[in-house]
Amino acid sequence: MKTKHLLVTAATTLALTAGGMALAQSRPNTSNQPIGYGADTGELTNTSVSLRGRAEITQGQARLRANAIEGVRDASGGLSRLEATGDVYYVTPTETIRGDRAVYTVSNATVVVTGDVILRQGQNVLTGSRLSFNVDTGQARIEGGGGQSGGRVRGVFYPEGSN
């Protein structure tokens, strides 16, 4: 099946901004802030971190939550890559992203969420099978595929002042 694409920052950013959602204009840069984590059980080594059961990673006002999170540590002991699986949620003050699996790469501040993906920004909603989201800029790219989306990207945008 051919994958359908929608670049949110082109035509859709206008709709999101008109709906009261200013994307890149007032976003704080969180990718350089400390990363905290917690879970029911965990293991930390020189090269990795493994979190199981109500696993959660926080950075600034952003939170990545899932059933399990595996992380790769860099030479300085910081996290360079995270992979979250099972009931994945990525939440900021302006976005909520839900999916089945997520990979966050610290170096480019990008989280890629796959599965039955739902992105909410205020009342606006986008659904698809794969979402690439830059946590610093708010730029998002969503793709359709299988799953509940029926191979299509779908969305609902509310103009400013509508209910």
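For every chain, the first residue of the written sequence is number 1, and numbering continues from 1 onward in sequence order. The model is predicted, so local features are restricted to residues of pLDDT at least 70 and side-chain atom pairs to those at 80 or more, both for listing and for counting; the totals for chains, interfaces and linings are taken over all residues. Based on all heavy atoms of the structure, the side-chain values leave hydrogens and waters out of the count.

> Can you break down the overall build of the protein chain residue by residue, with the values?
Working definition: helices are DSSP H or I runs of at least four residues, strands are E runs of at least two. Numbering for both runs from the N terminus. Broken down by element type, the protein chain carries 1 helix and 11 strands. Starting at the N terminus and walking to the C terminus, you meet the elements of the protein chain as β-α-β-β-β-β-β-β-β-β-β-β. Exposure categories follow from relative accessible area, calculated using a 1.4 Å probe and restricted to protein chains: below 20% of the type maximum is buried, above 50% is exposed, and the middle band is partly exposed. Taking all 163 residues of the protein chain together, 37% fall into the buried category. Contacts are assigned to residue pairs with any non-hydrogen atoms lying within 4.5 Å of each other. Within the protein chain, contacts between residues at least 6 apart in sequence are counted, and of these 40% link residues at least 24 apart. If you sum the accessible surface of the protein chain, you get close to 8,500 Å²; carbon and sulfur atoms cover 49% of it. Using a 1.4 Å probe, the Shrake-Rupley method yields the accessible areas, and only the shown protein chains count as cover for residues.

> Break down the pattern of salt bridges for me, with residues and values.
The rule for a salt bridge is simple: a side-chain nitrogen of Lys or Arg has to be within 4 Å of a carboxyl oxygen of Asp or Glu. On inspection of all chains with the given rule, the structure shows 8 salt bridges. Two residues, Arg 52 and Glu 70, come together in a salt bridge whose shortest N-O distance is 2.7 Å. With Arg 52 in strand S4 (residues 48–59) and Glu 70 in strand S5 (residues 62–73), the pair connects residues that are 18 residues apart, well separated along the chain. A salt bridge links Arg 63 to Glu 56; the shortest N-O distance between them is 3.3 Å. The class for Glu 56 is partly exposed, based on a relative accessible area of 29%. Residues participating in the shared-partner salt-bridge network are Arg 81, Glu 83 and Arg 101.

> Break down the nonpolar core for me, citing the residues and quoting the values.
Leu 64, Ile 69, Tyr 90, Ile 97, Val 111, Leu 131 and Phe 133 are the most contacted members of the largest nonpolar core, which totals 29 residues. Secondary-structure elements contributing two or more residues to this core are S4, S5, strand S6 (79–91), strand S7 (96–105), strand S8 (110–121), strand S9 (124–134) and strand S10 (140–143). Once residues lying within four places of it in the same chain are set aside, the contact partners of Ile 69 are Val 49, Ser 50, Leu 51, Ala 55, Glu 56, Ile 57, Leu 64, Leu 82, Glu 83 and Ala 84. Put simply, buried Ala, Val, Leu, Ile, Met, Phe, Trp, Tyr and Cys residues joined by side-chain atoms within 4.5 Å make one nonpolar core.

> An account of the packing of aromatic side chains is requested, with residue identities and associated values reported.
Pairing of aromatic side chains here covers Phe, Tyr and the six-membered ring of Trp, requires ring centres within 6.5 Å, and sorts the geometry by plane angle: under 30 degrees stacked, over 60 edge-to-face, intermediate tilted. Under the definition given, this model contains 1 aromatic pair. Aromatic pair Tyr 90 and Phe 133: ring centres 6.3 Å apart, planes at 55°, arrangement tilted. Linking Tyr 90 in strand S6 with Phe 133 in strand S9, this pair joins segments that are 43 residues apart in sequence. Summarising the burial analysis for this pair, Tyr 90 and Phe 133 share the class buried.

> Explain unusual backbone geometry to me, and be specific about the residues and the numbers.
Negative phi is the rule for most residues except glycine; trans is the rule for most peptide bonds. Residue Asp 87 is not a glycine yet carries a positive backbone phi of 45°. Of note, the phi angle at Ala 109 is positive, near 55°, even though the residue is not glycine. Along the chain, the position of Ala 109 falls in the loop between S7 and S8.

> Give me the confidence of the model for the protein chain: which residues, what numbers.
Residue-level confidence of the predictor, termed pLDDT, takes values from 0 up to 100. In this model, the protein chain carries an average pLDDT of 79, and 75% of its residues clear a pLDDT of 70 or more. Looking across the protein chain, the model is least confident in helix H1 (residues 8–18), with a mean pLDDT of 30, and most confident in S7, with 95. Scored below 50 in pLDDT, residues 1–26 shows 52 contacts in the model against residues more than four places distant or in partner chains.

> A description of the environment of Leu 79 should follow, citing residues and the corresponding values.
Residue position: Leu 79 is located in strand S6. The spacing of Leu 79 and Tyr 104 is 25 residues in sequence and 9.9 Å in space, taken between C-alpha atoms. Filtering out sequence-adjacent residues up to four positions away, Leu 79 remains in contact with Ile 35, Val 49, Ile 57, Gly 71, Val 72, Arg 73 and Val 106.

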